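Residue-level structure breakdown
Below are the chains, spelled out letter by letter.
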Amino acid sequence: MVKKQPKYFDDTLEIEERIDSLLMQLTLKEKLKLLSGRRFSLWTTKPIRRLKIKRLGMTDGPIGVATHSSYRFNTKFPCSKNLSSTWNRTLAFEYGLAIAKETRAVGRHIVLGPGINIDRTPINGRTFEYFSEDPYLTKELAIPFVKGVQSQRIGACVKHYAANNQEKNRFHVNAVIDERTLNEIYLRAYKDVVEDADPWVFMSCYNKVNGVFGCEHSGLLRDTLMDNWGFKGFVVTDWWATRRITNPENSILAGLSLEMPKINIYKPKFLKKALAEGKITKEDINFVVRRLLRVMFQVGLFDNPEKIPKGERNTLQHKELARKVAEEGIVLLKNEKKILPLDKNKIKTLAILGPNANKKMSGILYGGAASVVPFYEITPLQGLKEKCGDKIQITSNVESADACILVLGLNHARGNDCEDVDRTRLELPEKQIELIKNTIKRNPNTIVVLINGSPIAMSEWIDSVPAIVEAWYPGQESGRAIANTLFGDVNPSGKLPITFPRKLSDSPAHKSEKTYPGAENVYYEEGIFIGYRHFDKENIDPLFPFGFGLSYTSFEYSNCKIDKDTMTSKDKITVSVDIKNSGDREGSEITQLYIKDEKSSIKRPEQELMNFEKITLKPGEKKTIKFKLSVNDLEFYDVESHSWKSEKGIFTVLIGSSSRDILFKQKIELM
Ligand code: BGC
């Protein structure tokens, strides 16, 4: 006789009914077993064979399926800063979707990404893994990323919640942040991602926030994430974060479902003791187990594999997507006398040098947990050689070359865009600065291509160099994306998601040891004024402002209109503007909309990004962009009511091509 499958295997039932049915069958011992990872595996939960509960498998992200956690070579996508420099929501969805397919193909169910911590300091070692200094831009890309991942029934694990804004002292530092700043800057993207994209997993941070470690923070987890925002998934620790935790009951009561990777605080004997002493109840255990089970159903652990989306890795499609993101994410920072794009018909010889010219940026744990080793990586030199073919000669003779490409930057080594350590300076290494100075003396047509994941100070050499290209870490198709950009097959359209300061001390977190790196505590004294909010408030001229990026064509803005100049909390206004490609090649422009509150009861930023649109125009083509604004776009976090609030009065709508190139201002009144 065929044994009947338990009810929770019936995928025609609602998930909640299936969870109830499974939860009822689990013994206490089995429930406790589910709460921490397998002893000899870094990436999976424990199976429960009696009930046919398989292991839930995780793998590192967020820029591809990490090789150290999947034991496979996978597509290496460009780093998160490339993705955010595209300001392209559709690409973020496709990027998430592709990573989910690769996750499924290595037999895992959850990808540990996206990382959405806000860039507080430009020298944070993990800047390359995060999107932006701005919460709006961060959430606009994280939402489609998560939706893309989860469209494949793979769980996205949003990390590292919250205020994990530096690597130095990351395991123990206590981030001291006032309520408004925490909500308005550091939690905002997390909140919007939960409300809009319903991520299935959250990873708590290592650090403390206002005195409490992330993995036992009831305020952040239970009250804010779960009760206020309605998060239904489960929370996992950052790896080994519980080493510093002593009371399991705090984490259970905070709603932490999974301790990874091995048992420390969630040892069954500790949990049983806490139960026996009445510190936690069986209901508390059910609360955290239920969340874990929910995700197991969502990713299809109990479903017929035939019905689950299929995975695939290293496909042509993924390779092309990696190149497209790289190309759209490259930012042209300087282009004097239109030295770029290089003309294939005029250039006869090209010198290519610099430490990153032929350096591969992938290797096991290069940069930390985000590292992906692909089957191949095209270096800038290889990409340029491929492009030049036999038409252009690659030479080592700098003096005689028609142009010289200097490929510089960082390399994911410790202290150079790497997890666990921050950079110690904003400048390039001295040797590279010397190389720039020497090369430019020998060949004035020198173009600097930067490969790095965080801002670089350039004051010492910027004036002498005619062109600078910020390529970030462009992934496995790196060299091709760079060559296509330098030779104009691709017209650069990326814009900076982070301010480039002239010097580190211009940056808001770098006022004193107290504000960075701190010791036991790090004080966020600058409050909400980070990134461009700070540069605007203090009237500091950045090297390159937030939202900046050049193109090989030019755009004209005209005819900015609003459909009405007053608004109530119930209606919306429409702002429109015409953009024309006034140059001679096709190009894409990212138009940005900022809001300024003209008079408020508390100090607000000079401007805040509230919308953007990216359009592609043929030469001479003109299109109208429309933005809708509602009262939510005018709000700030109010500490009296502990909620978001708007105040009546006058606001200015600013439209521009960067935060420092505002072309139109329109006043509106909130009634
Ligand atoms: C990192 C996480 C990562 C985890 C697993 C931690 O050290 O902070 O981002 O997902 O390790 O590798």
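Everything quoted here is computed from the prediction, not taken from an experiment.

So, how was this worked out
Residues numbered from 1 in each chain as written. Predicted model: local features only at pLDDT ≥ 70, side-chain atom pairs only at ≥ 80, totals over all residues. Heavy atoms only, no water. Helix = DSSP H or I, 4+ residues; strand = E, 2+ residues; numbered from the N terminus. Rg over C-alpha atoms; globule rule 2.2 N^0.38 Å. Buried < 20%, exposed > 50% of the residue type's maximum accessible area, 1.4 Å probe, protein only. Contact = heavy atoms within 4.5 Å. Areas by Shrake-Rupley, 256 points an atom, 1.4 Å probe, with all protein chains shown as cover. Near = heavy atom within 4 Å. Polar contact = N/O pair within 3.5 Å; in protein donor to acceptor, adjacent residues only side chain to side chain. Nonpolar A, V, L, I, M, F, W, Y, C, P; charged D, E, K, R; others polar. Pairing = 2+ DSSP bridges. Lys, Arg positive; Asp, Glu negative; His and termini not counted. Salt bridge = Lys/Arg side-chain N within 4 Å of Asp/Glu carboxyl O. Expected span 1.5 Å × (residues − 1). Core = buried A, V, L, I, M, F, W, Y, C linked by side-chain atoms within 4.5 Å. Domains from an automatic or database assignment. Buried area = accessible area lost by both parts, 1.4 Å probe. Axes fitted to C-alpha atoms, helices over the stretch in contact; angles between N-to-C directions. Parallel < 35°, antiparallel > 145°, perpendicular 65-115°, else oblique. Left-handed = near helix turned anticlockwise from the far one by under 90°.

Notes on the overall build of the chain
A tally of helices and strands in the chain yields 17 helices and 26 strands. Expected size for 671 residues packed as a compact globule is a radius of gyration near 26 Å; at 25 Å, the chain falls within 12% of this value. Looking at the chain residue by residue over its 671 residues, the buried ones come to 65%. Summarising the internal contacts of the chain: among those between residues at least 6 apart in sequence, 76% fall at separations of at least 24. Here the chain displays about 24900 Å² of accessible surface, and carbon together with sulfur accounts for 49% of that area.

Here we look at unusual backbone geometry
In the segment running from G61 into P62, the intervening peptide bond is cis, with an omega of 0 degrees. Positionally, P62 belongs in the loop between β1 (58-60) and α3 (67-70). In this model, L340 is joined to P341 through a cis peptide bond whose omega is 0 degrees. Mapping P341 onto the fold places it in the loop between β10 (331-335) and β11 (349-353). Not every positive phi belongs to a glycine, and Y71 is a case in point at roughly 55 degrees. Mapped onto the fold, Y71 is located in the loop between α3 and α4 (80-86). Positive phi, normally seen in glycine, also occurs at N539, with a value near 55 degrees. Positionally, N539 belongs in the loop between α17 (532-537) and β17 (555-562). Judged by its relative accessible area of 66%, N539 is exposed.

Focus on the side chain of T242
With respect to the element layout, T242 can be found in the loop between β8 (234-236) and α10 (248-254). Once residues within four sequence positions are removed from consideration, T242 is found in contact with C215, T237, E259, N264 and I265.

Re the site of the ligand
The ligand sits among 13 residues. The nearest are D60, R126, H160, Y206 and D238. E419 has a polar side-chain atom sitting 2.8 Å from an oxygen atom of the ligand. Of the residues that constitute the shell around the ligand, the class distribution is six nonpolar, one polar and six charged.

Some words on the sheet that holds strand β16 (residues 521-523)
Taken in spatial order, the four strands of this open sheet run β7-β6-β4-β16, and their pairing is mixed. A single partner strand is all that each edge strand has here, and the edge strands are β7 (212-213) and β16.

Overview of the side chain of E470
Assignment of secondary structure puts E470 in strand β15 (residues 467-470). An unpaired buried charge is present at E470: no salt bridge exists, and R423, the closest side chain of opposite charge, is 8.4 Å distant. A polar side-chain atom of E470 sits 3.1 Å from a polar atom in the side chain of N452. Once residues lying within four places of it in the same chain are set aside, the contact partners of E470 are G329, I330, V331, L333, L450, N452 and F500.

Description of helix α13 (residues 316-329)
Taking 1.5 Å of rise per residue, 14 residues should cover 20 Å, and α13 covers 20 Å from first to last C-alpha, within 8% of that figure. On its buried face, α13 is in contact with α4, α5 (89-105), β10, β15, α16 (478-486) and β21 (608-617).

What about the nonpolar core?
The biggest cluster of nonpolar side chains holds 206 residues, and the ones touching the most others in it are M458 and L486. Not counting residues up to four positions away in its chain, the partners in contact with L486 are L340, P341, L342, L384, I405, I447, V449, V469 and Y552. In this structure, I123, A457, L504 and Y516 belong to the second largest nonpolar core, which totals six residues.

Regarding the domain arrangement of the chain
Per the domain assignment, the segments of the chain are domain 1 (21-307), domain 2 (316-537) and domain 3 (555-670). The gap between the C-alpha centroids of domain 1 and domain 2 is 31 Å. Between domain 1 and domain 2, the residue contacts involve 69 residues of the former and 71 residues of the latter. Area buried by domain 1 at its contact with domain 2 is led by K76, R120 and I123, which between them contribute 16% of it. For the pair domain 1 and domain 2, the interface holds five salt bridges.

Observations concerning the packing of α13 against α16
With their axes 9 Å apart at the nearest point, α13 and α16 run at an angle of 45 degrees to one another. Comparing the axis directions of α13 and α16 gives the class oblique. Crossing of α13 against α16: the hand is right-handed. Residue-level contacts link K319, R323, A326 and E327 of α13 to R480, A481 and N484 of α16. For the contact of α13 with α16, the class distribution of residues is two nonpolar, one polar and four charged.

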